Amino acid sequence: MKDTQALKDFLDTPRKIVITTHANPDADALGSSLGLHHFLEGLGHEVKTIVPNSYPDFLEWMPGNSKVINYENNVEESNELLNTADLLFCLDFSGFARIKSMKEVASTVSAKIALVDHHLNPEITPEFDFWNDKAAATAELIFDLIEDYSGKNVITKEIAECLYAGVMTDTGSFKHNSTTSKVHRLVADLIDLGADVNKVSRLIYDTNSLDRLRFMGHALAEKLQVIEDSRVAYFVIEENDFNNFRLKQGDTEGLVNYALSIKGIVVAAIIIEREKEIKLSFRSIGDFAVNKFAEEHFSGGGHKNASGGMSELNLEETEKKFKELIESDILKTRSK
Ligand code: 5GP
Ligand code: MN
């Protein structure tokens, strides 16, 4: 859906707008939020971007980073902004469970809601709908929104780099099936509008700490498990690993792809022990729908080939549950 005209009518007068995105924001979440933030500010609205919790250092270069409000550290101010907003933009998520502790206030605001997202099965019913599960990234949908609204020439270098970061990462550097010819045309436009692609990819991918690199080596050597019969490979990362390697948020990102890169493997997972809960990420090649698997067994979701979820069991029990269920679900899909 694209409710551009209705949105334009609503934004005819200056409005108070809050933009939010999912917890543990990634480059698409933050890039699409800040890209939209700059655009709406340019139109003369009062714009605030509130994220549910912190994000990794390698996203802090994004233009507008200093304006982002972390909900966990600013609950009162954020609630006030949410409760007095005219419009709440929900970006890169479509179920309030994904914004964690912001859920309670954000799901009951009197503001109108605009949804810009590409995840399957949206649970939010917005006034202004920009949901499209065919999009490679929410940043692609923000590009389309801006293009429809004002024409793409209003996209500044700052906006172009935020959106490029989102598209680059959500397509796995233009490797996933979602990388359509439209994505490449859009990226060509972003380059023409000033995006420095070498700078953005270096800032996101090539800024490892020595600790992180040593951790990756450790994980590959010691933590990678393979269930050959099911063609599954997975990592289990303990809280201790975080301490031993002084890991920071985001340092485990990308690791799961190494498991999926093993010849013959069709499903990969990473199980990470965090302070409050266990987080799981799933990836697949081909038919096995990891979003269904995450939804049915780990209160999660996502896309057919990339999803995530969580577990309230301990690490050992979570691994056992994962192994049993993945083996039986894979058998079921094979016998279909
Ligand atoms: P990642 O494994 O990189 O955290 O997430 C992969 C995909 O799954 C992303 O599209 C993300 O939005 C989705 N995802 C990750 N964790 C969750 C979760 O707990 N719930 C839902 N519904 N989706 C998730
Ligand atoms: Mn996304």
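Residues numbered from 1 in each chain as written. Chains lettered and ligands numbered in written order. Predicted model: local features only at pLDDT ≥ 70, side-chain atom pairs only at ≥ 80, totals over all residues. Heavy atoms only, no water.

**Comments concerning the side chain of Asn 65**
At step 1: Tracing the backbone through its elements, the reader meets Asn 65 in the loop between strand E2 (46–51) and strand E3 (69–70).
At step 2: A distance of 2.4 Å separates a polar atom in the side chain of Asn 65 from a polar atom in the side chain of Tyr 55.
At step 3: The contacts of Asn 65, once residues within four sequence positions are left out, are Leu 34, Tyr 55 and Glu 60. (Helix = DSSP H or I, 4+ residues; strand = E, 2+ residues; numbered from the N terminus. Polar contact = N/O pair within 3.5 Å; in protein donor to acceptor, adjacent residues only side chain to side chain. Contact = heavy atoms within 4.5 Å.)

**Overview of the site of ligand 1**
At step 1: Looking at ligand 1, there are 13 residues lining it, with Arg 98, His 119, Lys 279, Ser 281 and Arg 283 nearest.
At step 2: Side-chain polar atom of Arg 98 to an oxygen atom of ligand 1: 2.8 Å apart, as the coordinates give it.
At step 3: Mapped by element, the contributors of at least two residues to the shell around ligand 1 are strand E10 (278–284), strand E11 (301–302) and strand E12 (306–311).
At step 4: Considering every element that reaches the shell around ligand 1, the biggest residue donor is E12, with 4 residues.
At step 5: Counted by class, the shell around ligand 1 contains 1 nonpolar, 9 polar and 3 charged residues. (Near = heavy atom within 4 Å. Nonpolar A, V, L, I, M, F, W, Y, C, P; charged D, E, K, R; others polar.)

**Some details on the side chain of Arg 212**
At step 1: Among the secondary structure elements, Arg 212 is positioned in helix H9 (residues 210–223).
At step 2: Setting aside anything within four residues of it in sequence, one finds Arg 212 in contact with Leu 247, Gly 250, Asp 251 and Glu 253.

**Brief notes about the pairing of strand E9 (residues 267–273)**
At step 1: Within E9, 6 of the 7 residues are buried, which leaves it mostly tucked inside the rest of the structure.
At step 2: Of the strand pairs in this sheet, strand E8 (residues 232–237) and E9 are connected by 6 bridges, and their pairing is parallel. Paired with Tyr 234 across the bridge in E9 is Ala 269.
At step 3: By the bridge criterion, 7 bridges tie E9 to E10 in an arrangement that is antiparallel. (Buried < 20%, exposed > 50% of the residue type's maximum accessible area, 1.4 Å probe, protein only. Pairing = 2+ DSSP bridges.)

**Some remarks on the sheet that holds E3**
At step 1: Ordered by their spatial adjacency, 6 strands build an open sheet running E3-E2-E1-E4-E5-E6, and the pairing between neighbours is parallel. Every interior strand has two partners, whereas the edge strands, E3 and strand E6 (128–129), have only one.
At step 2: When strand E5 (residues 112–116) meets E6, the two strands line up parallel, connected through 2 bridges. The residue bridging Leu 115 from the neighbouring strand is Asp 129, located in E6.
At step 3: On top of the sheet, helix H5 (residues 138–150) reaches strand E4 (87–91) and E5; it is set at about 115° to E5, its chief contact. (Axes fitted to C-alpha atoms, helices over the stretch in contact; angles between N-to-C directions.)

**Section: the layout of surface pockets**
At step 1: Of the pockets and cavities examined, the second largest pocket occupies roughly 230 Å³.
At step 2: Surrounding the second largest pocket, Asp 287, Phe 288, Ala 289, Lys 292, Phe 293, Glu 296, Asp 329, Lys 332, Thr 333 and Lys 336 form its lining.
At step 3: Breaking the lining of the second largest pocket down by element, the ones donating at least two residues are helix H12 (290–297) and helix H13 (315–335).
At step 4: In the lining of the second largest pocket, the residues fall into 3 nonpolar, 1 polar and 6 charged. (1 Å grid on protein atoms, 1.4 Å probe; cavity = no way out; pocket = protein on both sides within 12 Å on 5 of 7 lines; lining within 4 Å. Points joined across faces, edges and corners; volume = space filled by probe spheres on them.)

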